[in-house]
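Coordinate inspection notes
Residue strings, one per chain:
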Amino acid sequence: MKYSYIKLNAQRKLLQNHFTCFCVSALPYVISVLLIVLNYYLYIFLKNIDLDFIPFISSYDVFVKASLFTLSVCVSFVLWKISQIYSHKYFFSQMNKKYIKLYFRQYITAITVSILKFFLSVAWSSFYLLPCAITTATLYYAIHSGNYTFSVMLTLFVASLILFIIGISFIYVTLKRYSMCNFVIFTETNIDAIKVIEKSIILIENNMVRFAFFNLSFVGWILSCVLVIPVFYVLPYMKMAKYSFYRAITKPQEKETETQKPIIFYFPQKEKA
């Protein structure tokens, strides 16, 4: 599997449809910003409002306000997730040249998968960063006790740094096991959240490290977004490239042909006399 073919395929899909792809890819970010602003003003409103005018509620003022704000956050998460699913669905349809219709069950499954992935991320992070946490705690104790030499503290600092880098690397690669969940949801209608995660692990089992490096290949593009203007190209390109990768590992029978190779130089062969 060559990354160049996957990226070229993504670029071809973006041709003559780039502006729409950008709008759809930016939709979840716009929705999240709007929801954060709305929740902020709701928090200010609930903080300043007095509920004494409502009978039987004034004595539970704090609990009612906390419940309303919690409900608002939950609804905001659902709305944001729906916009994210729509964005992923659009790119999936563009890559496969086939419109797909999502049912209510699939939206519920996608939301449940997101919650499960969050807890899995926390669990894996705790597991991989535990050695770093122990070493860092030992370093903290060594600094405050003052009974250890500088070389010991330096060794503990370097060990903590190395363990942190190793832990983050393992977390990054391991979490790629769940990167095929949207693909599974779009292709199978009657499947629960646990089965979605299981199938995602099976689909990307032999390509987990490869997909991690594939994502790292966009670091340069991501850094270029500091200039703001490149984000109009990078955001849809990265989304489309990821679905191009999914298509490459799920349909291995589609081999790259010579006509798909980018032609840089062409030297015609001389006919023999």
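1. Things to note about the overall build of the protein chain
When helices and strands are counted, the protein chain shows 10 helices and zero strands. Across the protein chain, helices and strands are ordered from the amino to the carboxyl terminus as α-α-α-α-α-α-α-α-α-α. Residue burial in the protein chain is summarised as follows: out of 273 residues, 33% are buried. Within the protein chain, residue pairs in contact and separated by at least 24 positions form 77% of the contacts whose partners lie at least 6 positions apart. Approximately 18100 Å² of the protein chain is accessible, and the part contributed by carbon and sulfur atoms is 70%.

2. Quick look at the packing of helix α1 (residues 3–14) against helix α8 (residues 208–216)
Two packed helices can be described by the angle between their axes and the distance between those axes. Put simply, α1 and α8 touch, their axes get as near as 12 Å, and they point 60° apart. Overall, the two elements α1 and α8 adopt an arrangement that is oblique. Along this stretch, α1 crosses α8, giving a crossing that reads as right-handed. Within the contact between the two elements, α1 uses Tyr3, Ile6 and Lys7 and α8 uses Arg210, Phe213 and Phe214. Residues that form the contact of α1 with α8 fall into these classes: four nonpolar, no polar and two charged.

3. Considering the environment of Leu38
Structurally, Leu38 is set in helix α2 (residues 18–48). For the pair Leu38 and Ser76, spaced 38 residues apart in sequence, the C-alpha separation works out to 9.3 Å.

4. Points about the packing of aromatic side chains
All chains considered together, the criterion is met by 25 aromatic pairs. With centroids separated by 5.3 Å and ring planes inclined at 90°, the aromatic side chains of Phe214 and Phe218 adopt a geometry described as edge-to-face. Phe214 sits in the buried class, given a relative accessible area of 0%. Both rings, one in Trp221 and one in Tyr233, keep their centres 5.2 Å apart while their planes meet at 45°; by these two values the pair is tilted. Remark: Tyr233 occurs in helix α10 (residues 231–250) and Trp221 occurs in helix α9 (residues 219–224); sequence separation between them is 12 residues. What links up through ring pairs into an aromatic cluster is the set Phe92, Phe183, Phe186, Phe211, Phe214, Phe218, Trp221, Tyr233, Tyr237, Tyr243, Phe245 and Tyr246.

5. Remarks on a nonpolar patch on the surface
Side chains of Phe150, Leu154, Phe157, Val158, Leu161, Ile162, Phe164, Ile165, Ile166, Ile168 and Phe170 sit close together on the surface and give an oily, nonpolar patch of about 1000 Å² of accessible area. The residue Leu154 is located in helix α5 (residues 150–174) in this model. Relative accessible area serves as the criterion here: at 41%, Leu154 is assigned to the partly exposed category.

Reading the values: the criteria
- Residues numbered from 1 in each chain as written.
- Predicted model: local features only at pLDDT ≥ 70, side-chain atom pairs only at ≥ 80, totals over all residues.
- Heavy atoms only, no water.
- Helix = DSSP H or I, 4+ residues; strand = E, 2+ residues; numbered from the N terminus.
- Buried < 20%, exposed > 50% of the residue type's maximum accessible area, 1.4 Å probe, protein only.
- Contact = heavy atoms within 4.5 Å.
- Areas by Shrake-Rupley, 256 points an atom, 1.4 Å probe, with all protein chains shown as cover.
- Axes fitted to C-alpha atoms, helices over the stretch in contact; angles between N-to-C directions.
- Parallel < 35°, antiparallel > 145°, perpendicular 65-115°, else oblique.
- Left-handed = near helix turned anticlockwise from the far one by under 90°.
- Nonpolar A, V, L, I, M, F, W, Y, C, P; charged D, E, K, R; others polar.
- Phe/Tyr/Trp six-rings, centres within 6.5 Å; stacked < 30°, edge-to-face > 60°.
- Patch = residues over 30% accessible without salt bridge, like charges linked within 9 Å, V, L, I, M, F, W, Y side chains within 5 Å.
- Salt bridge = Lys/Arg side-chain N within 4 Å of Asp/Glu carboxyl O.

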